[in-house]
Amino acid sequence: MSIDVSQFVQTFLEESFEGLDVMEAQLLDLQGDDVEAVNTIFRAAHSIKGGAGTFGFAAVGEFTHGVETLLDEMRSGHRSATPELVKLLLESVDCIREMLQAARDGAEVDAARIATVGAAIEASLGKGEAASADGEAAHGEVNVSSGWHIRFVPEPEVLRTGNDPLRLFAALEELGPLQVQCDLDRLPPFADMDAEACWLAWDLRLEGDASREAVAEVFEWVEDQCELLIEPLREDEGAGAEEDAPESVSPPPVSGATSGTPVPIASVPGSAVPASAASAKSRPATESSSIRVNIDKIDALINMVGELVITQSMLSQVGERLEGSAGADNLPCLEKLLEGLAQLERNTRELQESVMGIRMLPISFAFNRFPRMVHDLGAKLGKQVQLKLSGEQTELDKTVMEKIGDPLVHLVRNSIDHGIETPEVRVAAGKPAAGEVHLNAFHKGGNIVIQISDDGAGLNRDRILNKAVERGLVAPDQVLSDEQIHDLIFAPGFSTAEQVSDVSGRGVGMDVVRKNIKALGGSVEVQSRPGEGSTFTIRLPLTLAILDGQLVEVDGERYVVPLISIVESIQVRPEFVKSVAERRLVYRLRDEYIPILFLDALLGAGARPERQLTDSLLVVVEAEGQKLALVVDDLLGQQQVVIKALETNFRRVEGLSGATILGDGTVALILDVSGLMTLDKQAGGQPGWRPSREHEAA
Amino acid sequence: MAKILAVDDSTSLRQMVAFTLKQAGHEVVEASDGRDALQKAKGGRVDLVLSDVNMPGMDGISLVKELRTLPSYKFTPILMLTTESSPEKKQEGKAAGATGWIVKPFSPDQLLATVKRVLG
């Protein structure tokens, strides 16, 4: 039967890349002779090597074998972790990664580089190592005969390793016709007999042209637990063997009993335990056990949960209706129904939480690549940079995690390239020579917050402003606050680097970072103080699949407003509604003027000719530091909604982030607040209401 | 057909082993390290244990030792999946009570042939 192993290659590659990341992280972190860390690194290399051979990446297996041997020597204390060795191992990690990536993408590898590193490993291992890997070739020449006479005297304990002589004979029988003669001589008196021990010995006659090696191989697993003689069948022995064999050898010591060519295969006491076993004993318990689940399966599960959530909300509506119209007679039934519903709700919530949990991964998955990157980048730019990570265990949806990787890399690069100064400049400014980049993550509300801070020079306010004026992003006479100026770095086509370096300037600007983060429903802001450093703060939703929403009704249509973006909801008081320049209504809320937005008009759901605000409610929402008041007819209630993408089911609509199905089966659109602001801007509204302009409104 | 416990911390290798054995009609229980395996072995009898040596948590050698102390696993065949072809490494497994070994890398066919040998 042949089995196609290629179907496991994907998994192998994934876990190998993970293993390489672990190796890299531990190597960068390696201090002194940390046995646990070396163990972890060794195990990762070991798994890659084992899998590589099995899944057809012989070159990778071969290369990794050298690395593994080096690590094994470190593990057993024969070699210590010098900086040169760590560097060599890091380079090896790169090589293995490159080979695997090339294998995955069908690309070419940099053979010269791999050969160089491979040679360095060989050189490091020294001579004479190659022989130790191959302890198998000790059985001597292939000896062919017309058959074999085998004397097999197992130790009494042989059964305790699960080796059953019967199975050995079955295996022998596959090599040729077999005659078995049992020798009962060793049987002790009945009273002394241990029923779990093996007291029997056998004489076997195997005919056919099996090689001595094939015969020996059958006994490979028991060779240290038995007396074994394999000798060629003599032609003249022929038919007489059956009678001769039992007498020709006498039990125990067998080896010397017969003349001719017998070769005692092995007779080793079973207690030889190499010294390395002791060092391998204490296993680090650092790895979090994890499962690998196909994302499609999880998505299907989430879909199911989505349906369950819908069923539940439908049922509760039925329940409420029943409650309203129920007579006294069906009261017990009603109670039951309500009770069941309460339970269903609880179950739903629990199921939902646990299923969502499967998708959640600690952000360390995204952070892990940074130690190496910061290390390399600092060296390249001649800067001393220390990376501090905190909150690595903060969990985040896998999809969000995958998409946040690149923006994070860009921001960290940016901090090192533009933020952290060279050691001389830092010392001159009275700061420690080594700069610090701090990556921090924590949960806040329904969001995850990721901060990238550096203690570098901070943003150069004047330079940013000059550049922005130069590029026509702001008018020369425009008065801007510090925050607004800092925010300009996210404007499309803005780059303050005097020359494009190969570190930061890869044609991807901060505008792309912001765009990508916005696409995830998140936001990015920067705070900076000259001479003290900058902090970039990214806010992201924990998941993209389910959302806490506020259901609102506008002109008979129902919409979902993400709860996270709602500041407050208020009853309209006509005296606070002002009109600006005859074309825009704003609402005075305490000391702020907030633009009023008519959803129906903006989304083209048929604008009502005259807008009576008196009976309406305003939902004040916030995104990107700006507020907007949405006019709604009614607030219907809060609920979790399952987001269905409009792109896959219909097409992308600006201002909407998706749709959901409500308890009664109708579809409600989910509003995308920042999208609404963009739309509003395009439609001629002015979302950024500054204090200086508010007076004309008042 | 036999019920086989496959123990390896490498998912890909474990999947390959499990898939191959299932194709051959065996029932396969998977475990990701020694501790997990011991738990599963105690939970229900298996006819054969295939275990990796190097694993976090509890390694293969310790697993064999633990299993051999259990009455129902006294004689159960236990095969080590090892990349070490050196005699000492194999000895270590044998001393702990392993039945035999399969040296990685191995092909699905080699695996089935070896398994067949211990299942009789």
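Cut-offs and rules
- Residues numbered from 1 in each chain as written.
- Chains lettered and ligands numbered in written order.
- Predicted model: local features only at pLDDT ≥ 70, side-chain atom pairs only at ≥ 80, totals over all residues.
- Heavy atoms only, no water.
- Pairing = 2+ DSSP bridges.
- Helix = DSSP H or I, 4+ residues; strand = E, 2+ residues; numbered from the N terminus.
- Axes fitted to C-alpha atoms, helices over the stretch in contact; angles between N-to-C directions.
- Contact = heavy atoms within 4.5 Å.
- pLDDT = per-residue confidence, 0-100.
- Salt bridge = Lys/Arg side-chain N within 4 Å of Asp/Glu carboxyl O.
- Buried < 20%, exposed > 50% of the residue type's maximum accessible area, 1.4 Å probe, protein only.
- Expected span 1.5 Å × (residues − 1).
- Arc of directions from axis to C-beta.
- Core = buried A, V, L, I, M, F, W, Y, C linked by side-chain atoms within 4.5 Å.
- Phe/Tyr/Trp six-rings, centres within 6.5 Å; stacked < 30°, edge-to-face > 60°.
- Lys NZ or Arg CZ within 6 Å of the ring centre and 35° of its normal.

Undergrad: What is the right way to look at the sheet that holds strand β1 (residues 147-154) of chain A in this model?
TA: Consider a sheet: its strands pair through backbone hydrogen bonds, and that pairing is either parallel or antiparallel. Residues and elements named next belong to chain A. With antiparallel pairing, the four strands of this open sheet are ordered in space as β2-β3-β1-β4. At either margin of the open sheet sits one strand with a lone partner, and together these are β2 (178-183) and β4 (226-232). With direction set aside, neighbouring strand axes in the sheet form an average angle of 15°. Of the pairings in the sheet, the one linking β2 to strand β3 (residues 201-207) comprises six bridges and is antiparallel in character. Among the inter-strand pairings, Val-180 is bridged to a residue of β3, identified as Leu-204. In the packing of helix α7 (residues 165-173) onto the sheet, the strands contacted are β1, β2 and β3, and the crossing angle to β3 comes to about 10°.

Undergrad: Any chance you could explain the confidence of the model for chain B here in plain terms?
TA: All names here are of chain B. The predicted model of chain B has a mean per-residue pLDDT of 88, with 97% of residues at 70 or higher. Looking across chain B, the model is least confident in helix α4 (residues 87-96), with a mean pLDDT of 80, and most confident in strand β1 (residues 3-7), with 94. This complex was scored by the predictor with a pTM of 0.48 and an ipTM of 0.84.

Undergrad: Is there a simple way to think about the sheet that holds strand β11 (residues 533-541) of chain A in this case?
TA: Residues and elements named next belong to chain A. Judged by pairing direction, the sheet is mixed, and its five strands sit side by side in the order β6-β8-β9-β11-β10 without closing on themselves. Because the sheet does not close on itself, it has two edges, and the strands there are β6 (385-390) and β10 (523-529). On average, adjacent strands in this sheet sit at an angle of 15° to one another, irrespective of strand direction. As paired elements, β6 and strand β8 (residues 435-444) share six bridges and run parallel to each other. Pairing of Leu-389 across the sheet is with Leu-439, part of β8. In the packing of helix α14 (residues 370-381) onto the sheet, the strands contacted are β6 and β8, and the crossing angle to β6 comes to about 165°.

Undergrad: What's the story with the pattern of salt bridges in this structure? I'm lost.
TA: Close approach of charged atoms lets side chains of opposite charge pair. Residue and element names in this part refer to chain A. As enumerated under the stated definition, the model contains 41 salt bridges over all chains in all. Across the salt bridge formed by Arg-539 and Glu-525, the nearest N and O atoms sit 3.8 Å from each other. You can see Arg-539 sitting in strand β11 and its partner Glu-525 sitting in strand β10, a full 14 residues away along the chain. Residue Arg-539 is classed as partly exposed on the basis of its relative accessible area of 27%.

Undergrad: Even after reading the chapter, I still don't get helix α1 (residues 11-23) of chain B, so can you show me in this structure?
TA: An α-helical turn contains 3.6 residues, so a residue and the one three or four places further along point in the same direction. End to end, α1(B) covers 18 Å across 13 residues, agreeing with the expected 18 Å (1.5 Å per residue, within 8%). Those residues of α1(B) not exposed but buried are Thr11(B), Ser12(B), Leu13(B), Arg14(B), Met16(B), Val17(B), Ala18(B), Thr20(B) and Leu21(B). The inward-facing, buried residues of α1(B) abut α1 (9-29) and α2 (35-54) of chain A together with β1, β2 (27-31), β3 (48-52) and α5 (108-119) of chain B.

Undergrad: Even after reading the chapter, I still don't get helix α3 (residues 60-68) of chain B, so can you show me in this structure?
TA: Residue and element names in this part refer to chain B. Within α3, burial applies to Gly-60, Ile-61, Leu-63, Val-64, Leu-67 and Arg-68. Buried residues along α3 cover an arc of 160° about the axis, so they all sit on one side. For α3, the elements touching its buried residues are β1, α2 (34-43), β3, β4 (78-82) and α4.

Undergrad: What am I meant to see in the nonpolar core here?
TA: Across soluble globular proteins, nonpolar side chains have a tendency to be buried as a group. Formed by 82 residues in total, the largest nonpolar core has its most connected members in Met23(A), Phe55(A), Phe63(A), Leu71(A), Leu21(B), Leu50(B) and Leu67(B). At 10 residues, helix α4 (residues 83-105) of chain A tops the list of elements feeding residues into this core. Apart from the residues lying within four places of it in its own chain, the contact partners of Phe55(A) are Val5(A), Phe8(A), Val9(A), Phe12(A), Ser12(B), Leu13(B) and Met16(B). By size, the runner-up hydrophobic cluster in this structure holds 46 residues, among which are Phe370(A), Leu396(A), Met401(A) and Met510(A).

Undergrad: Would you mind showing me how to read the packing of aromatic side chains here?
TA: Between two aromatic rings, the relevant description is the distance of the centres plus the angle of the planes. Under the definition given, this model contains 10 aromatic pairs over all chains. Note on Phe152(A) and Phe169(A): the rings are 6.2 Å apart at their centroids and 90° apart in plane angle, and the pair reads as edge-to-face. Separated by 17 residues along the polypeptide, Phe152(A) in strand β1 and Phe169(A) in helix α7 bring together distant segments of the chain. The interplanar angle of 20° and the centroid separation of 6.1 Å between the aromatic rings of Phe152(A) and Trp202(A) together place this pair among those described as stacked. Residue Phe152(A) is found in strand β1, and its partner Trp202(A) is found in strand β3; the two are separated by 50 residues along the sequence. There is no split in this pair, since Phe152(A) and Trp202(A) are both buried. Aromatic rings pair up to connect Phe8(A), Phe12(A), Phe55(A), Phe57(A) and Phe19(B) into one cluster. Above the face of the Phe42(A) ring, Arg75(A) is positioned so that its terminal group lies 3.7 Å from the ring centre. Over the face of the ring belonging to Trp221(A) we find Arg117(B), whose NZ or CZ atom lies 4.8 Å from the ring centre.

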